[in-house]
Amino acid sequence: MPGDVKSELAPTGVLRAAINMGNFLLVTGKSTSGDPEGVAPDMAREIATRLGAPVKYLPYARPGELADDAEKGLWDIGLIGAEPQRAAVLNFTAAYCEIEATYGLWLENNVKKAQLLQFDSADAALKQFDSEKMDAYAGLRPGLLAVAQARPGSRILDGQFTAVQQAVGTPRKNTAAAAFLRDFVEEAKKSGLVARLIERHGVVGRLSVAPPG
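Computed from a predicted structure; not experimentally measured.

Q: Tell me about the environment of D4, and please be specific about residues and values.
A: Here D4 is to be found in helix α1 (residues 3-9). Residue D4 is classed as partly exposed on the basis of its relative accessible area of 38%. Sequence-wise, D4 and N174 are 170 residues apart; in three dimensions their C-alpha atoms are separated by 9.0 Å.

Q: How would you summarise the packing of helix α2 (residues 39-51) against helix α5 (residues 175-191) if you had to cite specific residues and measurements?
A: Each pair of packed helices gets described by two things: the angle between the helix axes and the distance between those axes. Running from N to C, α2 and α5 cross one another at 120 degrees; their axes reach a closest spacing of 11 Å. Considering only the axes of α2 and α5, their crossing is right-handed. Along the contact surface, α2 presents M43, E46, I47, R50 and L51, while α5 presents F180, L181, F184, E187 and A188. Grouping the amino acids of the contact of α2 with α5 by side-chain chemistry returns seven nonpolar, no polar and three charged.

Q: Explain α2 residue by residue, including any values.
A: Taking 1.5 Å of rise per residue, 13 residues should cover 18 Å, and α2 covers 19 Å from first to last C-alpha, within 8% of that figure. When we look at burial in α2, the residues that qualify are V39, A40, P41, D42, M43, A44, I47, A48 and L51. Backbone geometry just downstream of α2 places G52 in the positive-phi region, at approximately 75 degrees.

Q: Give a detailed account of the pattern of salt bridges, specifying residues and quantitative values.
A: Taken as a whole and assessed by the stated rule, the structure comprises seven salt bridges. By sharing partners, the salt bridges in this structure join D42, R45 and R200 into a single network.

Q: Give me the nonpolar core: which residues, what numbers.
A: I77 and Y96 are the most contacted members of the largest nonpolar core, which has 38 residues in total. In this structure, L58, L66, A70 and I80 belong to the second largest nonpolar core, which totals twelve residues.

Rules behind the numbers
- Residues numbered from 1 in each chain as written.
- Predicted model: local features only at pLDDT ≥ 70, side-chain atom pairs only at ≥ 80, totals over all residues.
- Heavy atoms only, no water.
- Helix = DSSP H or I, 4+ residues; strand = E, 2+ residues; numbered from the N terminus.
- Buried < 20%, exposed > 50% of the residue type's maximum accessible area, 1.4 Å probe, protein only.
- Axes fitted to C-alpha atoms, helices over the stretch in contact; angles between N-to-C directions.
- Left-handed = near helix turned anticlockwise from the far one by under 90°.
- Contact = heavy atoms within 4.5 Å.
- Nonpolar A, V, L, I, M, F, W, Y, C, P; charged D, E, K, R; others polar.
- Expected span 1.5 Å × (residues − 1).
- Salt bridge = Lys/Arg side-chain N within 4 Å of Asp/Glu carboxyl O.
- Core = buried A, V, L, I, M, F, W, Y, C linked by side-chain atoms within 4.5 Å.

The following block contains the structure:
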């Protein structure tokens, strides 16, 4: 591994991984020590292992707050939705997994409880999502309105539903690190690592492995 990769990703000797605690599909719990557990924390741990460095988790309540700190030197990688506006400050990998957003399951800001809301139109549903700036919603609930338009950072899939893409980002100055992370994510998808993490944390059917980047 080129030395500049490790110096960019672990300048303090530790990989500082910013985790969006608001996404209950990617962070499914906490360990006895208080560290986050789930697909996203495990991806960060795997990256740290490849670097030969320990990992330190930095929890954020919302993805916007995480992205706001990208240029402050507080963390080295961030695992959040790859929305276009965040690319101004972050180099993103291709998505490693996708959240299937088939019906209008709206998550409250603290994501500790969820409300199912019914809307008169797809436009009304999308306005609600946008106004709340939510990053995670998913569910397959018959009788609720299908949201058939893509939000930023998502893609339209067959059957008129969207998939919110989750990626690994690093501050834009980390050019060598960005290339390393892109290769890692593609390998993690191809080798089955992402699929195993999805199964390990019990989110099969709600998360899926993203297609090759």
